[in-house]
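Residue-level structural notes
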Amino acid sequence: MNEHAVLQSSRVCPLNPVFAGGRFCLYYPILPLAENVSQASNRMLVEGRKNISIYQRMKNEYQRLGQQLDELRAQLEGLPEGKLICVRNEGRIKWYHSDGKTKTYIAKQNRVLAEQLAIRKYLAQQFQNISQERHSIAYYLRHHDADVKPADEILAASEYQELLAPYFTPVSQELSDWMYAPYERNQKNPEQLTQKACSGNMVRSKSEAIIDMLLFINKIPFRYECELQLEETSLYPDFTLRHPQTGRIFYWEHFGMMDNPSYCRNVSAKLNLYFSHGIIPTVNLITTYETKDNPLNIEIVEGMIEHYFL
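Below you will find a few notes about this structure. Here the structure is a predicted model, which is why all the values come from computation and not from measurement. One numbering rule holds for all chains: residues counted from 1, following each sequence as written. Local features are withheld for residues below a pLDDT of 70 in this predicted model, meaning they are given only at 70 or higher, and side-chain atom pairs are given and counted only at 80 or more; totals for whole chains, interfaces and linings count all residues. Note that water and hydrogens are dropped before the side-chain values are worked out from all heavy atoms of the structure.

**Overview of the sheet that holds strand 2 (residues 92-98)**
When DSSP finds two or more bridges between a pair of strands, those strands are recorded as paired. Secondary structure elements follow DSSP: runs of H or I of four or more residues count as helices, runs of E of two or more count as strands, with numbering from the N terminus. Read from one edge of the open sheet, three strands run 1-2-3, paired in antiparallel fashion. Among the strands making up the open sheet, the edge pair consists of strand 1 (83-89) and strand 3 (103-106). Here the strands of the sheet are splayed against their neighbours by 35 degrees on average, with no regard to which way each runs. Contacts between residues were defined by any pair of non-hydrogen atoms, one from each residue, lying within 4.5 Å. Interaxial angle, 0 to 180 degrees, is taken between N-to-C directions of lines fitted to C-alpha atoms, where a helix line uses only the stretch in contact. Of the strands in this sheet, strand 1, strand 2 and strand 3 touch helix 3 (residues 111-143), which is tilted by about 115 degrees from strand 1.

**Brief notes about the pattern of salt bridges**
What counts as a salt bridge is simple: a side-chain nitrogen of Lys or Arg found within 4 Å of a carboxyl oxygen of Asp or Glu. In the structure shown here, the tally under the stated rule is six salt bridges. Where Asp70 meets Arg73, a salt bridge forms, and the shortest distance between an N and an O atom there is 2.9 Å. Of this pair, Asp70 and Arg73 both sit in helix 2 (residues 37-77), three residues apart, which is roughly one turn of that helix. Of the residues examined, Asp70 reaches a relative accessible area of 48% and is grouped as partly exposed. For each residue, the accessible area found with a 1.4 Å probe, counting protein chains only, is set against the maximum for its type, and the residue is called buried under 20%, exposed over 50%, and partly exposed in between. On the basis of relative accessible area, Arg73 is assigned to the partly exposed category, the value being 37%. Arg204 is the salt-bridge partner of Glu225, the closest N and O atoms lying 2.6 Å from each other. On the criterion of sequence distance, the pair formed by Glu225 in the loop between strand 6 (222-224) and strand 7 (228-230) and Arg204 in the loop between strand 5 (202-203) and helix 7 (206-217) is long-range, its members being 21 residues apart. The pair Glu225 / Arg204 is uniform in exposure class, with both members buried.

Here is the structure:
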């Protein structure tokens with residue numbers, strides 16, 4: 001039994017819209033000459049990650065707020081028109097239905113109308129608040145310089161990789177040696193290795209390229225599709241990782257077609273195989289998922305790396 005029998009190695013994952021066209025903008029500030037190279041590299045890395053996150057969050061939030069407005073608009077259309085006016089009189093509250101010109105008393109037996117008008121008032125205020133926030137984000141996105149050359153393009157350029165490698169090499173010499181030592185790679189479907197990642201690896205999807213990039217710039221030692229022998233079964237986890245401080249081994253699997261029923265069955269079989277050999281999610285197995293309508297979110301990857309390794 002081999003990995004292909006457990007999970008097809010093809011991972012044609014939809015591209016996160018923020019990553020489309022290489023639109024990550026990594027801003028590297030000018031640093032005082034007094035800082036040494038290591039300090040400068042670390043500061044640039046931190047600033048770059050912040051800038052990625054801000055741009056990512058802005059675009060994701062703009063889209064999310066648009067969906068919220070659509071949902072609120074649909075709810076408001078199903079509610080009665082008009083405005084609820086509440087008047088306190090001698091310790092009692094009276095309800096009135098206003099159309100902007102006149103107001104009509106709402107009897108207690110017609111409480112449902114008062115409730116619907118109260119819901120409308122609440123949702124209308126939400127709609128206004130979200131619209132204002134989305135307008136502010138749109139202003140930022142309009143003024144974002146999308147023509148700035150993304151720094152990950154420099155990392156992916158072969159003429160720079162060797163020169164930049166020392167800046168992103170794991171601190172531990174042992175782990176650095178492990179990362180760059182030869183190992184048994186997955187030999188199946190090499191034609192699917194179409195994405196050049198920042199580390200120099202050729203990977204199978206843009207989502208894997210995102211994971212590769214964030215592992216690389218955070219100096220997490222890792223191998224791509226390194227053979228893992230589980231009794232008589234050979235698996236090739238997407239990423240085999242070592243904790244930068246303890247050296248502990250982790251595995252990272254990205255499942256990129258979770259809206260495909262056949263693919264999901266293969267995922268289940270592969271996870272069960274991991275479970276039976278003591279490789280458990282949140283313990284020593286990291287998993288991420290996506291569908292066509294829910295692409296991989298870079299913030300999720302950043303959060304995983306921060307939680308497990310930083």
